[in-house]
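Observations on chain architecture
Below, each chain spelled out in residue letters.
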Amino acid sequence: MDKQYPAHILKCHPMMGTNIIKANNTLLSSAAGKELIDFESGIWCAALGHNPDRLNGVIVDQLQYVSHLNTRLVSDLAEKLAVDLLELVSFKQGKAVFLSSGSEAVEMAITLARLATDKPKMLSFSNSYLSAYSHMTMPRKTAAWLELDLTQCNRCPRKDCYSECPIVRDIDFSQIAAFVLEPGNSGGRVLLPTAQLVEYLADNVQNDGGKVVVNEVTTGFGRTGKWFGYNHYNLQPDLISMGKALGNGYPISAVVMTRDIAATVESQGFKYAQSHQNDPLGCRIAAEVIQIFKDDNIIQRSEQLGSFFVKQLRKIENPLIKEVRGRGMMIAIELNCPALAEEVFQQLYDQGFYVGCLPYASVVRFYPALTIEQRHIVDVCQALTGILNNLTKDSGSHE
Ligand SMILES: Cc1ncc(COP(=O)(O)O)c(C=O)c1O
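Remember, predicted model here, so these are calculated numbers, not experimental data.

1. Regarding the overall build of the protein chain
Broken down by element type, the protein chain carries eleven helices and 15 strands. Expected size for 399 residues packed as a compact globule is a radius of gyration near 21 Å; at 22 Å, the protein chain falls within 12% of this value. Referenced to the eigenvectors of the C-alpha coordinate spread, the extents of the protein chain come out at roughly 70 × 60 × 40 Å. Within the protein chain, counting contacts between residues at least 6 apart in sequence, those at least 24 apart form 72% of the total.

Have a look at this one:
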């Protein structure tokens with residue numbers, strides 16, 4: 001038996017009692033000998049799988065030199081990572097700053113957009129997850145936030161009616177400091193905003209002097225089958241927040257910004273210094289992550305495996321499935337009711353598959369490492385088919 005829930009760890013979110021002692025690519029092993037295929041890549045961070053040898057080698061190597069520095073002593077490794085990232089997003093002469101968590105990166109990007117525009121309001125989708133800090137989680141019911149209900153827009157049959165649409169027609173774009181776009185995750189539900197809506201908002205905000213902040217904490221680095229989630233839209237961001245896969249499980253995040261934003265906030269004397277800002281170990285790891293993505297064609301792999309995965313899931317014919325949504329390796333199945341999601345999660349767990357579960361949204365989700373083997377995708381789809389078939393029988397026998 002695995003030991004029960006840890007007695008001295010604050011319980012502030014659901015946890016299993018499983019004591020995981022080893023992780024290798026997508027395989028998790030517990031102290032009690034249970035094996036699980038990880039379809040969550042940690043919490044969406046280990047896009048290259050857990051503990052890849054090449055990255056481990058770089059970590060061990062860097063530990064012989066320097067891992068942490070005073071904020072006045074900036075290593076060349078930070079400069080190298082900045083150049084690599086700026087090239088990836090084509091921000092010529094832009095700048096970057098490296099922090100520890102995705103939450104910090106989103107907060108920082110919003111702060112910078114506000115400073116750069118001196119406008120009072122932020123525009124976002126009501127169900128976007130932006131950061132762990134209480135004023136940034138959903139819902140943000142403050143006067144500074146103008147939030148659009150993405151689900152209503154996505155259901156609307158008309159796609160070119162913005163001048164009449166009650167959701168967007170009254171937006172005073174001159175007041176908007178930034179449109180903070182989470183390009184298609186929304187807390188693991190895989191809600192994908194339409195291109196028409198996103199591009200309309202981005203164009204109008206930028207035309208009126210506001211900025212487009214893209215939150216790529218989850219959607220960045222191949223999760224959606226492209227380098228970044230915003231690459232699915234025709235827009236040019238001003239600031240981009242990154243995290244999670246950037247460190248493949250090591251806590252490093254980034255804010256990347258255009259030259260104009262950097263020049264504006266620097267000229268205002270913007271001050272920010274945090275304990276792990278631009279730390280050399282994190283920067284070396286992130287630069288290696290990017291290089292592995294390039295060398296191993298990980299983006300293409302994500303795109304191909306993701307479309308295979310979605311096709312397999314859509315083949316499952318079962319009345320308990322409401323919808324299968326996916327973009328790259330960011331995949332969710334919405335079931336007919338919340339209790340079902342929890343039941344499917346538990347049964348998959350019992351059969352050796354660790355998937356994501358959002359009971360309140362009736363969602364079971366799959367955000368595996370982009371290095372997952374195709375056979376594991378086939379296996380989880382087979383297991384899911386069996387579980388859903390049995391549940392359908394069970395619900396029929398009670399009628
Ligand atoms: C879209 C999005 N933004 C920001 C965050 C916050 O990142 P972190 O948990 O690293 O602070 C998350 C975390 O799940 C996220 O999904």
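2. Things to note about the site of the ligand
For the ligand, the set of nearby residues contains 14 residues, the closest of which are Ser-101, Gly-102, Ser-103, Val-217 and Thr-218. With three residues, helix H4 (residues 102-117) is the largest single contributor of residues to the shell around the ligand.

3. Quick word on the domain arrangement of the protein chain
Partitioning the protein chain into domains gives domain 1 (54-295) and domain 2 (297-397). Put simply, the middle of domain 1 and the middle of domain 2, counted by C-alpha atoms, are 28 Å apart. Contact residues are listed per partner, giving 14 residues for domain 1 and 20 residues for domain 2. Along the lines of polarity and charge, the residues of the side of domain 1 that touches domain 2 split into four nonpolar, seven polar and three charged.

4. Here we look at the sheet that holds strand E14 (residues 356-358)
Read from one edge of the open sheet, four strands run E11-E12-E15-E14, paired in antiparallel fashion. Where the open sheet ends on each side, the last strands, each with one partner, are strand E11 (321-327) and E14. Direction aside, the axes of adjacent strands within the sheet are offset by 20° on average. Where strand E12 (residues 330-335) lies against strand E15 (residues 363-366), four bridges are found, and the strand directions are antiparallel. Along E15, the bridge assignment pairs Ile-331 with Phe-366. Packed on one face of the sheet, helix H9 (residues 298-315) meets E11, E12 and E15 and runs near 170° to E11.

5. Some words on the sheet that holds strand E6 (residues 145-148)
Spatial ordering of the open sheet is given by E4-E10-E9-E8-E7-E5-E6, a layout of seven strands whose pairing is mixed. Each edge of the open sheet carries a strand with a single partner, namely strand E4 (95-99) and E6. Sheet twist, expressed as the average angle between the axes of neighbouring strands with direction ignored, equals 20°. Packing of helix H3 (residues 76-88) onto the sheet brings it into contact with E4 and strand E10 (253-257), and relative to E4 it is tilted by some 120°.

6. A short note on the pairing of strand E1 (residues 20-24)
Across four bridges, the pairing between E1 and strand E2 (residues 27-30) is antiparallel. Its bridge partner being in E2, Ala-23 is matched across the sheet by Leu-28. With antiparallel pairing between neighbouring strands as the criterion, E1 and E2 make up a hairpin whose turn holds two residues, including Asn-25 at a positive phi of roughly 50°.

7. Considering helix H6 (residues 195-207)
Count 3.6 residues to each turn of an α-helix, and residues three or four apart come out pointing the same way. When the terminal C-alpha atoms of H6 are compared, their 18 Å separation across 13 residues agrees well with the 18 Å that a helix rising 1.5 Å per residue should span. Of the positions making up H6, those classed as buried are Leu-197, Val-198, Leu-201, Ala-202 and Val-205. The buried residues of H6 occupy one face: seen down the axis, they fall within an arc of 120°. Residues of H6 that are buried in the fold lie against strand E5 (121-125), helix H5 (150-155), strand E7 (176-181) and strand E8 (211-215).

8. What to know about H3
The terminal C-alpha atoms of H3, which comprises 13 residues, lie 18 Å apart, in line with the 18 Å expected from a rise of 1.5 Å per residue. Every buried residue of H3 is accounted for by Leu-77, Ala-78, Leu-81, Ala-82 and Leu-85. Take H3 and look down its axis: the buried residues cluster within an arc of 140°, on one side only. Exposed positions of H3 whose direction lies more than 90 degrees from the buried face are Asp-76 and Glu-87. On its buried side, H3 packs onto E4, E10 and helix H8 (280-295). Positive phi appears at Ser-90, one or two residues downstream of H3, with a value of about 55°.

9. Thoughts on the environment of Met-257
Tracing the chain through its elements places Met-257 in strand E10. The exposure class of Met-257 is buried, given the 30 C-beta atoms found within 10 Å. Residues Met-257 and Val-66, spaced 191 residues apart in sequence, show a C-alpha to C-alpha distance of 27 Å. Beyond its immediate sequence surroundings of up to four residues, Met-257 is in contact with Gly-94, Lys-95, Leu-112, Asp-238, Leu-239 and Ala-262.

How each quantity is defined
Residues numbered from 1 in each chain as written. Predicted model: local features only at pLDDT ≥ 70, side-chain atom pairs only at ≥ 80, totals over all residues. Helix = DSSP H or I, 4+ residues; strand = E, 2+ residues; numbered from the N terminus. Rg over C-alpha atoms; globule rule 2.2 N^0.38 Å. Contact = placed C-beta atoms within 7 Å. Near = placed C-beta within 6 Å. Domains from an automatic or database assignment. Nonpolar A, V, L, I, M, F, W, Y, C, P; charged D, E, K, R; others polar. Pairing = 2+ DSSP bridges. Axes fitted to C-alpha atoms, helices over the stretch in contact; angles between N-to-C directions. Expected span 1.5 Å × (residues − 1). Buried ≥ 20, exposed ≤ 12 C-beta atoms within 10 Å, placed from the backbone. Arc of directions from axis to C-beta.

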